[in-house]
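Structural overview
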Amino acid sequence: MSETKTRKIPAPAITAETEAFWKGAAEGRFQLRRCTQCHETHWYPRAICPFCMGDTAWEDASGEGTIYSWTVMRRAPEPYAMAYVTLDAGPTMLADLVDVDLDGIAIGQRVKLVWSQSAGGPPVPSFTSA
Ligand SMILES: [Zn+2]
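Overview of the structure. (Residues numbered from 1 in each chain as written. Predicted model: local features only at pLDDT ≥ 70, side-chain atom pairs only at ≥ 80, totals over all residues. Heavy atoms only, no water.)

Observations concerning the pairing of strand β7 (residues 92-97)
Put simply, the rule reads: Note: two strands are recorded as paired if DSSP finds a minimum of 2 bridges between them. The way it works is that DSSP assigns letters per residue, a run of H or I at least four long becomes a helix, a run of E at least two long becomes a strand, and they are numbered from the N terminus.
Bridging between strand β6 (residues 80-87) and β7 involves 6 bridges; their strand directions are antiparallel. The residue of β7 that forms the bridge with Met82 is Asp96. Hairpin connection, β6 to β7: the antiparallel pair is bridged by 4 residues, and Gly90 has positive phi, about 130 degrees.

Following this line, the structure appears as structure tokens:
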């Protein structure tokens, strides 16, 4: 079994649209934007709904989801895994998988959100086995 190591995750670019997300992240809150008209959630956070151009509002989300697809970066100095995770709340997001068995990752695997420290920035969403 080969465990993931903690790699240096670059600090995220913070924009006016994502500033509140990163403030919440610093407090351990995972928030998504939901459309006030069609009620869909999306990732990454946007002020205008990507589905219907409606207004959107923040809401707290659980961060639980399922692996849609994944890859292991074995040629990196410290091998690590990344996955597209489809959240129970709806959207699919790309993030690191941490503290997982690199040989035991599977499509459909249940995962939950954890926060990883970024290099000089706020904590960033990552996932680990649920
Ligand atoms: Zn909408």
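Let us keep going from here.
Examining the nonpolar core
Nonpolar side chains in soluble globular proteins tend to be buried together. To be explicit about the condition: To qualify as a nonpolar core, a set must consist of buried Ala, Val, Leu, Ile, Met, Phe, Trp, Tyr and Cys residues joined through side-chain atoms within 4.5 Å. Each residue is placed in one exposure class: buried if its accessible area under a 1.4 Å probe, protein chains only, is under 20% of its type's maximum, exposed if it is over 50%, and partly exposed if it falls in between. Residues are treated as being in contact if the distance between any of their heavy atoms lies within 4.5 Å.
Judged by nonpolar contacts, the single largest core of 23 residues is most densely connected at Phe30, Leu87, Leu97, Ile105 and Phe127. Those elements that place two or more of their residues in this core are α1 (19-26), β5 (64-73), β6, β7, β8 (110-116) and β10 (124-129). In terms of residue count, the dominant contributor to this core is β6 (4 residues). Leave out the neighbours within four places in its chain, and Ile105 touches Ile67, Trp70, Val72, Ala81, Leu97 and Val100.

What to know about the coordination of the zinc ion
Put simply, the test is: Each metal's donors are the N, O and S atoms within 2.8 Å of it, or within 3.2 Å when it is Na, K or Ca, and because water is not part of the set, sites may look incomplete.
Coordination sphere of the zinc ion, protein contribution only: Cys35 (SG), Cys38 (SG), Cys49 (SG) and Cys52 (SG), at 2.3 to 2.4 Å. Considered as a linear motif, the donors of the zinc ion on their single chain read C-x2-C-x10-C-x2-C. Relative accessible area serves as the criterion here: at 1%, Cys35 is assigned to the buried category. For Cys38, a relative accessible area of 28% translates into the label partly exposed.

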